[in-house]
Amino acid sequence: MEGNPPQSGGGFHLMPAAPLPVDEKDRLSALSKLEILDTAPDERFDRLTRLARTLFQVPIALISLVDSDRQWFKSCYGLADSETEREASFCAYAVLNREPLVVKDATEDARFSDNRLVVGAPFIRFYAGMPLYESGGQPIGTLCVIDTVPREFVESDLQALRDLTAMAENELTHFEFELAVRAREAAEAREAAILAAVGDGLVTIDHSGAILSLNPAAQAMFGYGADELTGQDVRVILSDEHRTEIQAVFVNSSRPSAESVTREAVARHQSGGEFPIDLTITAFRSDQGLVLIGAVRDATARKRAEAETAAALAAQQVANDELARLSRQKSEFVSIVSHEFRTALTGIRAFSEMMRDQDLSADEVKDFAGDINADALRLNRMINDILDLEKMESGNLVLRPEEVDLDATVDLLVARAQVAQATHRLVFKPGGLGAVRLDEDRLIQVVSNLLSNAIKYSPEGGQVSVRTWVDNGCAHLAIADQGVGIPKAELERVFDRYARIDADSTRNVSGTGLGLPIVRQIAQLHGGQAWAESKVGAGSTFHLLLPLGGP
Ligand code: ADP
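Presented here is a report on the structure given in the accompanying data block. (Residues numbered from 1 in each chain as written. Predicted model: local features only at pLDDT ≥ 70, side-chain atom pairs only at ≥ 80, totals over all residues. Heavy atoms only, no water.)

1. What about the overall build of the protein?
Item 1. Of regular secondary structure, the protein possesses 13 helices and 20 strands.
Item 2. By the compact-globule yardstick of 24 Å for 551 residues, the protein is too spread out, its C-alpha radius of gyration being 55 Å.
Item 3. Across its three principal axes, the protein shows a C-alpha extent of roughly 170 × 50 × 45 Å.
Item 4. Across the 551 residues that make up the protein, the buried fraction comes to 41%.
Item 5. Partitioning the intrachain contacts of the protein with sequence separation of at least 6 by distance along the chain shows that 60% fall at a separation of at least 24.
Item 6. Of the roughly 29,100 Å² of accessible surface on the protein, 54% is carried by carbon and sulfur atoms.
Item 7. Each charge class in the protein can be summarised by its mean position, and for the 55 positive and 82 negative side chains these summaries are 5 Å apart. (Helix = DSSP H or I, 4+ residues; strand = E, 2+ residues; numbered from the N terminus. Rg over C-alpha atoms; globule rule 2.2 N^0.38 Å. Buried < 20%, exposed > 50% of the residue type's maximum accessible area, 1.4 Å probe, protein only. Contact = heavy atoms within 4.5 Å. Areas by Shrake-Rupley, 256 points an atom, 1.4 Å probe, with all protein chains shown as cover. Lys, Arg positive; Asp, Glu negative; His and termini not counted. Charge placed at Lys NZ, Arg CZ, Asp CG, Glu CD.)

2. So, the site of the ligand
Item 1. Looking at the ligand, there are 21 residues lining it, with Asn 453, Tyr 457, Arg 500, Thr 512 and Leu 516 nearest.
Item 2. Asn 453 places a polar side-chain atom, nitrogen or oxygen, 2.8 Å from an oxygen atom of the ligand.
Item 3. Within the side chain of Tyr 457, one N or O atom sits 2.8 Å away from an oxygen atom of the ligand.
Item 4. For the ligand, whose accessible area on its own is 520 Å², the fraction buried by protein is 98%.
Item 5. Among the detected pockets, the ligand sits in the largest pocket. (Near = heavy atom within 4 Å. Polar contact = N/O pair within 3.5 Å; in protein donor to acceptor, adjacent residues only side chain to side chain. 1 Å grid on protein atoms, 1.4 Å probe; cavity = no way out; pocket = protein on both sides within 12 Å on 5 of 7 lines; lining within 4 Å. Sits in = over half its atoms within 2 Å of the grid points.)

3. Quick look at the nonpolar core
Here is a general trend for soluble globular proteins: nonpolar side chains tend to be buried in one another's company.
Item 1. Within the largest apolar cluster, 45 residues are counted, with the highest numbers of intra-cluster contacts made by Leu 406, Leu 451 and Ile 479.
Item 2. Counting residues per element, this core draws most heavily on helix H11 (residues 440-456), at seven residues.
Item 3. In contact with Leu 451, other than residues within four places in its own chain, are Leu 413, Val 414, Ala 417, Val 464, Val 466 and Ile 479.
Item 4. Counting 27 residues, the second-largest nonpolar core is a separate cluster that includes Phe 56, Trp 72, Ala 128 and Phe 153. (Core = buried A, V, L, I, M, F, W, Y, C linked by side-chain atoms within 4.5 Å.)

4. Quick notes on the sheet that holds strand S6 (residues 101-103)
Item 1. With respect to topology, six strands assemble into an open sheet ordered S5-S4-S3-S8-S7-S6, the strand pairing being antiparallel. Both edges of this open sheet fall to strand S5 (83-85) and S6, since each of them pairs with a single strand only. Taken pair by pair, the neighbouring strands of this sheet meet at an average axis angle of 25°, ignoring direction.
Item 2. Alignment of strand S4 (residues 70-77) against S5, held across three bridges, turns out to be antiparallel. Its bridge partner lying in S5, Trp 72 is registered against Glu 83.
Item 3. Together, strand S3 (60-66), S4 and strand S8 (139-147) form the strand contacts of helix H2 (residues 43-56), whose direction differs from that of S4 by roughly 75°. (Pairing = 2+ DSSP bridges. Axes fitted to C-alpha atoms, helices over the stretch in contact; angles between N-to-C directions.)

5. What to know about the pairing of strand S12 (residues 274-286)
Item 1. Across eight bridges, the pairing between strand S11 (residues 261-268) and S12 is antiparallel. Across the sheet, residue Arg 268 finds its bridge partner in S12, namely Glu 274.
Item 2. Where S11 folds back on S12, the antiparallel hairpin that results is connected by five residues, among which Gly 272 adopts a positive phi of roughly 100°.
Item 3. Two elements, S12 and strand S13 (residues 289-298), share 10 bridges in a ladder whose sense is antiparallel. Across the sheet, the residue bridging to Asp 278 is Arg 297, located in S13.

6. So, unusual backbone geometry
Item 1. Cis geometry is adopted by the peptide bond preceding Pro 122, which originates at Ala 121 and carries an omega value of 5°.
Item 2. For Glu 35, which is not glycine, the phi torsion reads 55° and is therefore positive.
Item 3. Positive phi, normally seen in glycine, also occurs at Asn 472, with a value near 55°.
Item 4. Within the secondary structure, Asn 472 is located in the loop between strand S17 (463-471) and strand S18 (474-480).

7. Some points on empty space enclosed by the protein
Item 1. Considering all chains together, one arrives at four cavities of 30 Å³ or more under this definition.
Item 2. By volume, the second largest cavity is sized at about 80 Å³.
Item 3. In terms of lining, the second largest cavity is formed by 13 residues, of which the most central are Leu 62, Gln 71, Leu 117, Ile 124 and Ile 146.
Item 4. Residues that form the lining of the second largest cavity fall into these classes: 11 nonpolar, two polar and no charged. (Points joined across faces, edges and corners; volume = space filled by probe spheres on them. Nonpolar A, V, L, I, M, F, W, Y, C, P; charged D, E, K, R; others polar.)

8. Here's the deal with the environment of Ile 293
Item 1. Position of Ile 293 among the secondary structure elements: in strand S13.
Item 2. As a C-alpha pair, Ile 293 and Arg 349 span 56 residues in sequence and 90 Å in three-dimensional space.
Item 3. If near-sequence neighbours (up to four positions away) are discounted, Ile 293 is found in contact with Val 203, Thr 204, Thr 280, Ile 281, Thr 282 and Phe 284.

9. Observations concerning the side chain of Glu 134
Item 1. Structurally, Glu 134 is set in the loop between strand S7 (126-133) and S8.
Item 2. Excluding its chain neighbours within four sequence positions, the residues that come into contact with Glu 134 are Ala 30, Leu 34, Ile 140, Leu 172 and Glu 176.

10. Quick look at the packing of aromatic side chains
Item 1. With the rule as written, the count across this model stands at eight aromatic pairs.
Item 2. Between Phe 222 and Phe 275 the ring centres are 6.0 Å apart and the planes differ by 45°, which places this aromatic pair in the tilted class. Highlighted residues: Phe 222 in helix H6 (residues 216-222) and Phe 275 in strand S12, separated in sequence by 53 residues.
Item 3. Taken together, the ring pairs connect Phe 90, Tyr 93, Phe 112 and Tyr 127 into an aromatic cluster.
Item 4. Above the ring of Tyr 93, the side-chain terminus of Arg 111 is found at 5.3 Å from the ring centroid. (Phe/Tyr/Trp six-rings, centres within 6.5 Å; stacked < 30°, edge-to-face > 60°. Lys NZ or Arg CZ within 6 Å of the ring centre and 35° of its normal.)

Here's what the structure looks like:
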């Protein structure tokens, strides 16, 4: 009053409000955290104020919470308002001093004689308030009783008020607990919504390896229903090998520096099938102790893509190798062919120069002319081979099939080859084949080629045996020699274009690597096959199979 400048408010002179407690900020924050301000009336608190009114025979009983600029009544008996400004608050003093406040006659108390609630309605005279503490120890308000006449308040009254306040604090604790439960439920619902929304499978496991939970993505991935896996051992969804590893992660995770570990693993589906996964394991402490959370991503698609890429790269590599091989063969071919051409042309030039420049006898002229003719024939054969192969491979070779007496043609060819050289013995065993439908020129090309090879690649004095027979609707022709033979690994390759075997025994034999590919192409154009069997050092047999009915 005196010394305190009067304040105005709604026409009343207001006494200064109670000073603020030193830790007012913490107190207000504790009050706000309770989330109790402006909540609906609650019977648990109302029954206490009702009891207080009866017990103390007063018209007004309140549970008043002191907010930053008001006091708000959680429970209020005898007052029409649910709150008043803080300046008019008696309770603020009890809160400030953290002890019971008893005002026997407010008109006699310098702090309140000018209070608007004293000079005006409800004309407070008597006030007794006990601080009300929240569980953290902050006084957030009071339980108080108020009368409009002055009163005494003895020690036993104070004790009764203290007891009632203790009961109100119990209710407050209960209220806080409910709040925590609601907050937890909200957090759990939020967590569940997040778990349901993420695309990755999430599995939580306790320290014994028992599954605590699976989100919907994990349930779908492993093929189980909502709760089917809860409590089961994690081995159910992981291969045994990975369980040991998860335990190792668990042991490491019990150290403070533990981080997430990501690795590939193998998971087991409910159907028993296994599939690859990317697994990220994180350990955290929860109220259930140490818990592992595994984020699982199905790696099947990634693995498949990787395998496909690897296969594509491997195929590319094979193709590249093949290209490199073909290019090597082609350049070998170019050098072989140019060498063969040059040799033949050198012969022709030398023989013709001698015929031009020297006086030759008629026999010598005949010999040289024969040599020139042989070289010219070689050149002609080579050019024909190259052109034939190009034609066959581009699909431009047209066969001219007719009825041919195969045995007779082969017999003639063998006889001619025998006449041409005396170094090898040629034998033909006809198989009594009748007419076969085929292109005779091409048959001659094939048999000549095979006979020439058989002679070329076997030592002098060797025998070349030719046989024919009927084999499953086909004419079968086999030409066997006693020559150098062909290694097993090369048996197919010799049918490739330009392929020649680079061995001591064959290096000096002239050739272009075109004969056998032509043989096979012709056989295939007739609807037949050509292949070789051989034993190195013992000889080779080349087989030709041509349908009797023609191409
Ligand atoms: P060329 O005889 O002109 O080299 P070919 O295509 O006819 O070409 O034969 C390819 C290769 O197959 C020959 O270089 C040779 O190494 C091998 N070869 C072919 N026939 C025989 C055979 N009867 N005995 C051993 N090797 C052979």
